[in-house]
Every structure is written in structure tokens, then in C-alpha cells.
Amino acid sequence: MKKKRTPATEPVIPSELLAKAKNSVHPDKLPVKPSKCVVCGAECAPTSAEQLCWVCRRLKISAWHESEQMPAQE
């Protein structure tokens, strides 16, 4: 015995609304144009709030740690 075909109906949820809902659930998967490093112009690291690439960010962190370890000269 064969099943009857159901006629194609309009979707219950509009496709635009469905796309917005999917993007709000996974905002990290949105196509984002990477920004440029303010120092060297390379692609910014995704975790950098200062708009630095991973190399410049690492150099900044290293310099910061070195300046903390130096004894204060009087």
C-alpha cells in the first residue's frame, strides 16, 4: 500500500526569521571580515580586544612581563 503524497505547503516559519534565529544561537559562526592589526597590518587574533595580531599581542605580553620583573631603580 502506498502513502498519499501531501501537497507542498508554505513553511510555517518564514525563512528570513529562521535564518536570524539560527544566527542568534551561533553568533561565533557568522561570517565576519577579519580586522587588521594596528601595528603590522596582519589579520587580528580572534581573542584580541586591542586589534592586534597574535604575534604583536604576544610581543606586547612579553614586554609587559619583562617590565614587571625589572627591579625599580632609585
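Scroll up for the structure.
Here's a quick rundown of the structure. (Residues numbered from 1 in each chain as written. Predicted model: local features only at pLDDT ≥ 70, side-chain atom pairs only at ≥ 80, totals over all residues. Heavy atoms only, no water.)

Within the chain, the regular secondary structure consists of two helices and zero strands. Put simply, 0% of the contacts in the chain that link residues at least 6 apart link residues at least 24 apart. For the chain, the accessible surface area stands at approximately 7600 Å², while carbon and sulfur atoms represent 59% of it. (Helix = DSSP H or I, 4+ residues; strand = E, 2+ residues; numbered from the N terminus. Contact = heavy atoms within 4.5 Å. Areas by Shrake-Rupley, 256 points an atom, 1.4 Å probe, with all protein chains shown as cover.)

On to the pattern of salt bridges, then. With the rule as written, the count across this model stands at one salt bridge. Glutamate 50 serves as the salt-bridge partner of lysine 60, at 3.3 Å between the closest nitrogen and oxygen. Of this pair, lysine 60 sits in helix 2 (residues 54–69) while glutamate 50 is found in the loop between helix 1 (15–25) and helix 2, placing the two residues 10 residues apart along the sequence. In this structure glutamate 50 comes out as partly exposed when scored by relative accessible area, which is 40%. (Salt bridge = Lys/Arg side-chain N within 4 Å of Asp/Glu carboxyl O. Buried < 20%, exposed > 50% of the residue type's maximum accessible area, 1.4 Å probe, protein only.)

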